[in-house]
Structure formats: structure tokens, C-alpha cells
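# Observations on chain architecture
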2 protein chains.
Amino acid sequence: MRVFNFSAGPAALPEEVLRQAADEMLDWRGSGMSVMEMSHRGKEFMSIHEEALTDLRELLEVPASHRILFLQGGGLGENAIVPMNLLGAKKTADFVLTGSWSQKTFKEAHKYCAPHLAASGQTADGFTRSPARAEWRLSDDPAYVHLCTNETIHGVETFDIPDLGDIPLVADVSSHILSRPLDVAKFGAIYGGAQKNIGMAGVTVVIVREDLLDRALPICPSAFEWKTVAEHNSMYNTPPTYAIYIAGLVFKWLKKQGGLQAIEAHNIEKSKLLYNAIDASDFYINKVERASRSRMNVPFFLADESRNEDFLAGAKARGLLQLKGHKSVGGMRASIYNAVPLEGVKALVEYMKEFEQRKA
Amino acid sequence: MRVFNFSAGPAALPEEVLRQAADEMLDWRGSGMSVMEMSHRGKEFMSIHEEALTDLRELLEVPASHRILFLQGGGLGENAIVPMNLLGAKKTADFVLTGSWSQKTFKEAHKYCAPHLAASGQTADGFTRSPARAEWRLSDDPAYVHLCTNETIHGVETFDIPDLGDIPLVADVSSHILSRPLDVAKFGAIYGGAQKNIGMAGVTVVIVREDLLDRALPICPSAFEWKTVAEHNSMYNTPPTYAIYIAGLVFKWLKKQGGLQAIEAHNIEKSKLLYNAIDASDFYINKVERASRSRMNVPFFLADESRNEDFLAGAKARGLLQLKGHKSVGGMRASIYNAVPLEGVKALVEYMKEFEQRKA
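Looking at an unreviewed UniProt entry, chain A carries the name Phosphoserine aminotransferase, with the source organism given as Trinickia terrae. In its Sequence similarities (unreviewed entry) section, the UniProt entry covering chain A states "Belongs to the class-V pyridoxal-phosphate-dependent aminotransferase family. SerC subfamily." Of the comments in the UniProt record for chain A, the one headed Subunit (unreviewed entry) reads "Homodimer."

Written out as C-alpha cells, the structure is:
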């Protein structure tokens, strides 16, 4: 029996994607090979790769100015790879902090430059908001400004993306890419690990404006140098072929759902249902400012935290899994990525109401 | 119909591994989830990860002095990651060149130090041999000595592994790891991409002596710093979970085959059959010195290269795929990794004989 999986990532995948992957495992479309067994330079895998690129470009409406790259190392890898690729001759980059992930990005940047803290959404209640552009205090000459547009742990999402003119805006979009349309043209680069909304862990998507490909530091490893990767169409080293294949199946599934506008409407409906349930009662608490509440990751606390284990055990008994909050913040967290169906959120909300009415 | 797949990597996988992966795709052992959907910190995936580590340690008889890490970025990624992790305060490292891969490793090292060329197996016929220890001219104080113990493109394998005493020996073992027993204790570190003998592309295995974990350069990205990765048991960033799962299935399959002694005997039989067919006739040519001939990658040329396309077309018609040599050297190449069955090599040899007898 399949469960409702609220994992923050690796996370739920569409069942029909998994079915197709299982069906094609031993013999991909008469090739006599599994996708895992294909040379990345053979015509079969090349077609899978090209189709994934085309579909992703179409879904996100990536402008011709930007290249799509498939790398490895995930979001944490990019924390080093981004500065190594974009600092050029500049001595600093600016950072907007909205949660644990952007904090880590800021910390890692110290290895390569003197990073500047431009704004922080930290309040007495922890990270609870995404500071508006008017609050950002940029340094004089940053190589780029970095933002994490959805914070998986704190549940803070940034909806207003400013236009920074000549300064490249770079965003970690790992945990909400493909959950809604995004104006890619506003960004110098966006990047994300696949294991939330794209597919399985092991491939990192980087979308970068082509004119920024000439700024790598000499110490940047060739395998992670965006220019080199772009020149080789993501085949400088052997790409994570199967992860790209699974991502491609997810892209096809998204197109069948009606694309990003349709999936956004669906995600608004799911997240409203859950936030409404939290706000309807003092029993559940979410402290994030309403305008910054993530549609993908919904952290919440029981007012009586002594009942946490009870809550999780009861949820598990109903097939509602992976609801425990990240260890750094505690409480609960429901990640409701694209592949988590409305029925899953309804089942969770129903359980939450029932649990509240139970005797302690 | 499944084919015989002689790809150099990504490469053939054991059919029973693929069958199990297909069977478990939607619901891993009653968990209600695909392995792709599991949190890397949940007990289900933790058990998969631990079992893979235990089985690999047992297969390779990895001594307690060495840690096994799962990273991303493949062999080419390690060309930068190794020097960033092992140079410490030293200014050089030494390199033994035996083919294209060690050449690339040597080139990339220039980003981080002044590398020293200790020996080369290049002859008038290209890379055709692995220089013996007596030929190596080490520098005065190298941080380590690097070797690629199997060159996928040139088909050169190193069988005699020297003991360098206090100098760490580091080897790229990507394309023959698990094809035979290896005395891991002789190495400071070995590393390899998975896509030849371990599993699918997207996970890199690093096995490193624990006392070498304190030598990373400050510029080493945290996600690729072996000490950080070791301290977090390969979970500093989200690991490529599905690739680790597939590797674990391959490790179980290897144990069922009788472990590395048994698989080595099998690989000797397969490679002898193929080299004998090549040597038995002037029609086919392999220029690698006999003592350095790879058991995994067998490059060969037709004496009459105008018949190359014919040869490949006829092979394909028989379900013998991916026999074209690497574009940098031309000719043919049969990669006969663990998962390529003896029947596949027999079918190839039979075809080669038949093709030779055909009229041009």
C-alpha cells in the first residue's frame, strides 16, 4: 500500500512516474537496455537528455539568454560552486538570510570572499519572514546577491522577486522550483537539488545567464565550472543519467497536469487547506508571517509539545508519514510538494482535527 | 530482448539487480515508498546505506583504518577534490601517467599545486603500459602519488601495487574496482565513479585512510571535504540515495557470485578468451603490453580500418552493442565489466571470427 509521504526531501514522486520507471527498467523502449546501462553519449540517452532540457525550458519559460545545466553535489555543493563561478575579480557577494539554508550558504561563502549580510528575516521567533527589497542593504560592488527563495526547514518562501538591474541575483530554488511560474529572466542564476520537486536525489539543476559564464575563479574544479559544463552540454563528466531520466519523466507529468500555472493553483489550494487548519485552532501554531508562508513546507507546532510523539504515532498509523519537524527546530513539518496529492493534505487535516479532539 | 552491452560506462548491470529494482520501485519492502522517495535520515534508507557500507567493506576487505564515503561528481570531480583534500601544506603531488584519465588528473592538479610527473607509460604507440615502481621518479616531498589503476580508454591496467611507505598512494580505480581483490591497506585513498562496476552513474566511492582526513585546503568545498563527509557518515548533504541503493544491490549480487576471488577468476576467463581471439589473427590488433592489458576494457583495431562501420553494423545486428572505441583513439573497444556474462564475450568472439572470414 502506498502511503502519503510528507518528507522534506528526498520526497514523494508521482506514482505514474514510478510505474513508468519500473516498466522501463529492463528494456527502455526496445533498446534492450535499462536507462542506467546506457552510455551517456549514445543516441538513446542523448534523446532522453535533450527532451528533459526542452521540457524544463518550456515549463519554466527559461529565456534564450539562460543555459540549463545538470550537475552534481546538490544545494550544499552549490554553496561553494556558486562563488567559485561568479566571484570573478570581485571581493564580496551579498546575502539575504531567510532560514537555515541561506545561513549555510552565507557561511560557506567565507571560504572564497568576504561576504556581506544584506538582510535577515530572523526575529525573536526564529526565521519567520522574507525581508522585502526595501530592507536589503547591498554592499558597494557585490559580485552577486544571493537569496534562498524557499526555506525548507523554516517554511519561509519569497514571492516578490526584485529586479536588481546589473547585479546578478542568484537563488537557491531547491525546494519550490516548478511549484509555480518563476520569472527566470530576473535571475543571474538559480539552482536546486532535484530531490524535492524535480525527481530523485543526485542531480542539481543550474540555470545561468550565459554572459556570466566567464567569471570562474582559477581554483574552480573543472567538473563544477559552469562554463566547462555548458560547453560540454552537461557531459564534461558522466552525468547522473538515471536521475536526469527520472527528472524528465516528472517534467512530462507536470506538462500533463497543465504546466506551472495549473500546478500553482493546486499548490495554493493544498497549502491554504493546511494553513487554515493550523490557524483555526490554538492547538497548532505556525509563526511565519502570512505573506512569507511557504506553499511547499509547512512547519507547525503543537501547543502542548508533550504530545508530539503521540501525534506522530497516530499519523503513522493512518499512513501519514515523515511529519516530524527538522531536528534544529523541532515540532512538525508537512512538506506538500507537487507530487503530494490534495487527498493527502485532506487526510492530514482530518487527522489533525481528530487528534485535537482526543483526550490527552 | 536484452542485448550484450559492451559500453565503457554507464555500463551493463546484472539483470537480477534490475529486476529487483523494478519490483521494489513503488513499495520498498512494505514501506509504502519507493527508495527514491525516502528521507535519507529515515530508518529505511539508513538501513540500506549501512548494509551497502558493510557489504562493500566485506567484499574489498577494507581495513578498519580506512573510511568508506559516498560522494558525487565522479572521477573527474575527484581530480580536483583529491588535491583539495590531501595537499595540506605541501606544494606538490606526484603523478604516474598510464592513459587519458591519469593525464586529465595531472592537468587538473595544476589548479592546486605544482604537480610532478613521476612516470609515463606513453610510447610511440600511445599509452601501452603501466610503468613499474622501479621506473617511478618521485619528487622530494610529495603530498601523495597518484595512479589510475585501470585506464578505460587505453585498456591499461596496473596489477602490481607498490608499497610507498609513508607517502600516501592514491588511485583512481573507477573502471576496475570490484573486478578483483585489491590490497586497500597499500593506499592512502582510492576513488571511483560507480557507473562501471558498482552501479549507476551519480555516486562516487571514496575509501580513505582516516589519518589523512586532516589535510584539506581551506578552499575545499564542505560538501566535498572528506573529513566533513566522514563525520556526517556521507550525509552532510543529501546523498544520491537511489544510486547507493543500486550499488547495494550490486554488492549483494557480487557476494552471491562468490565475492571478488570468484569474480576475478571469471574476469580472467572472459578477458583471456577475447585477447586470445585478437592475438590469434593479424586481422585484429591490440598494442598494449601483455602484462598491462586490462581485464575490463579491451580496445582493439581492425587491420583494415575501412571496415570499421561494417564491423559495428554487423555486431549491432547480433545484439552486440557499444563496441565503438573512444573517439580519441578510434577503433573498437569491448568493456567486459563484472556484469557482462561469459556468453556475451563468447558471442563477440564468435562474431569476430565470422567477420574476419567474410569477404570485404
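## What about the overall build of chain A?
Summing up its helical and strand segments, chain A has nine helices and 16 strands in all. Expected size for 360 residues packed as a compact globule is a radius of gyration near 21 Å; at 21 Å, chain A falls within 12% of this value. Counting only C-alpha atoms, chain A reaches 65 × 60 × 30 Å along its principal axes. Taking all 360 residues of chain A together, 65% fall into the buried category. Sequence separation of at least 24 residues holds for 67% of the intrachain contacts in chain A that already meet a minimum separation of 6. Entry remark: accessible area of chain A is about 13,000 Å², with carbon and sulfur atoms responsible for 50%. Averaging the coordinates of the 40 positive side-chain charges in chain A and doing the same for the 44 negative ones gives two points 3 Å apart.

## Here we look at the relation of the copies chain B and chain A
Mapping chain B onto chain A leaves a residual RMSD of 0.0 Å; the transformation is a rotation of 180 degrees accompanied by 0.0 Å of translation along its axis. Overall, the copies show the geometry of a two-fold rotation axis. Relative to the rotation axis, the closest C-alpha in chain B is found at B:Ala22, a distance of 2.2 Å. Interface residue correspondence from chain B to chain A reaches 100%, placing this contact among same-surface, isologous pairings.

## What about the interface of chain B and chain A?
Quite often, the size of an interface is put as the accessible area lost when its parts meet. Contact with chain B, which involves 62 residues of that partner, is made by 62 residues of chain A. Summed over both partners, the interface of chain B with chain A buries about 4,900 Å², with 58% contributed by carbon and sulfur atoms. One can count two salt bridges joining chain B with chain A. As a salt-bridge pair, B:Arg2 and A:Glu37 come within 2.6 Å of each other at their nearest N and O atoms. At the surface where chain B touches chain A, the tally comes to 23 residue pairs in polar contact (both at pLDDT 80 or more). Within the residue set of the side of chain B that touches chain A, elements represented by two or more residues are helix 1 (15–23), helix 3 (74–86) and helix 6 (241–256) of chain B. A total of six residues in the side of chain B that touches chain A trace back to one element, the largest contributor, which is helix 3 of chain B.

## Some remarks on the pairing of strand 7 (residues 145–148) of chain B
Residues and elements named next belong to chain B. Where burial is concerned, the two faces of strand 7 agree: the one with Val145 and Leu147 and the one with His146 and Cys148 are both buried. Bridging between strand 3 (residues 94–97) and strand 7 involves two bridges; their strand directions are parallel. The partner of Asp94 across the bridge, within strand 7, is Val145. Taken together, the four bridges between strand 7 and strand 10 (residues 169–172) define a ladder with parallel strand orientation.

## Some points on unusual backbone geometry
Residues and elements named next belong to chain A. Note that the residue after Gly9, namely Pro10, is joined by a cis bond; omega there is -10 degrees. Of note in this structure, Asn233 is not a glycine but carries a positive phi near 50 degrees. Locating Asn233 in the fold gives a position in the loop between helix 5 (226–231) and helix 6 (241–256). Exposure remark for Asn233: the relative accessible area of 25% places this residue in the partly exposed category.

## Focus: the packing of helix 1 (residues 15–23) of chain A against helix 6 of chain A
Residues and elements named next belong to chain A. Viewed as axis vectors pointing N to C, helix 1 and helix 6 meet at an angle of 135 degrees, and their least axial separation amounts to 9 Å. As judged from the angle between their axes, helix 1 and helix 6 are oblique. Relative to helix 6, helix 1 is oriented so that their crossing is right-handed. Only Tyr242, Tyr245, Ile246, Leu249, Val250, Trp253 and Lys256 of helix 6 make contact with helix 1, whose side of the interface consists of Glu16, Val17, Gln20 and Ala21. For the contact of helix 1 with helix 6, a count of residues per class yields eight nonpolar, one polar and two charged.

## Topic: the nonpolar core
Core analysis: the largest hydrophobic core is formed by 122 residues, its most contacted members being A:Met25, A:Leu60, A:Leu178, A:Tyr242, B:Met25, B:Leu178 and B:Tyr242. Formed by 66 residues, the second largest nonpolar core is a distinct cluster that contains A:Ala93, A:Val170, A:Phe224 and B:Ile219.

Rules used throughout
Every chain is numbered on its own, with residues counted from 1 as its sequence reads. Whichever chain is written first becomes A and whichever ligand is written first becomes 1, with later ones labelled in order. Side-chain atom pairs in this predicted model are given and counted only at pLDDT of 80 or more, local residue features only at pLDDT of at least 70, and totals for whole chains, interfaces and linings cover all residues. Think of the side-chain values as coming from all heavy atoms in the structure, minus any hydrogens and water. UniProt positions are given in the numbering used here, feature names are shortened, and annotations may be inferred rather than shown by experiment. By the criteria applied, helices consist of DSSP H or I runs no shorter than four residues and strands consist of E runs no shorter than two, each listed in order from the N terminus. Atoms counted for the radius of gyration: C-alpha only. Globule rule: 2.2 Å times residue count to the power 0.38. Relative accessibility thresholds used throughout: buried, under 20% of the residue-type maximum; exposed, over 50%; partly exposed, between the two (1.4 Å probe, protein chains only). By definition in these notes, contact holds between two residues if any of their heavy atoms fall within 4.5 Å. Each accessible area is a Shrake-Rupley result for a 1.4 Å probe, and residues are judged covered by the shown protein chains and nothing else. Only four residue types enter the tally: Lys and Arg on the positive side, Asp and Glu on the negative side, with His and both chain ends excluded. Note on charges: their place is set at NZ of Lys, CZ of Arg, CG of Asp or CD of Glu. The superposition of copies rests on a least-squares fit of C-alpha positions from residues with pLDDT of 70 or more in both. As used here, buried area is the combined drop in accessible area, with a 1.4 Å probe, of two parts when they are placed together. Salt bridges are defined as contacts in which a side-chain nitrogen from Lys or Arg sits within 4 Å of a carboxyl oxygen from Asp or Glu. Any pair of N or O atoms that falls within 3.5 Å is considered a polar contact. Within protein, one atom must be able to donate a hydrogen and the other to accept it, and sequence-neighbouring residues count only if both atoms are side-chain atoms. A pair of strands is treated as paired once DSSP finds two or more bridges between them. Orientation is described by axes fitted as lines to C-alpha atoms, over the contacting stretch for helices, and by angles from 0 to 180 degrees between their N-to-C directions. These descriptions rest on fixed angle ranges, namely under 35 degrees for roughly parallel, over 145 for roughly antiparallel, 65 to 115 for roughly perpendicular, and the rest for oblique. Note on convention: near helix rotated counterclockwise from far helix by under a right angle means a left-handed crossing. Clockwise means right-handed. In this classification, the charged set is Asp, Glu, Lys and Arg, the nonpolar set is Ala, Val, Leu, Ile, Met, Phe, Trp, Tyr, Cys and Pro, and all remaining amino acids, among them Gly, are polar. Put simply, buried Ala, Val, Leu, Ile, Met, Phe, Trp, Tyr and Cys residues joined by side-chain atoms within 4.5 Å make one nonpolar core.

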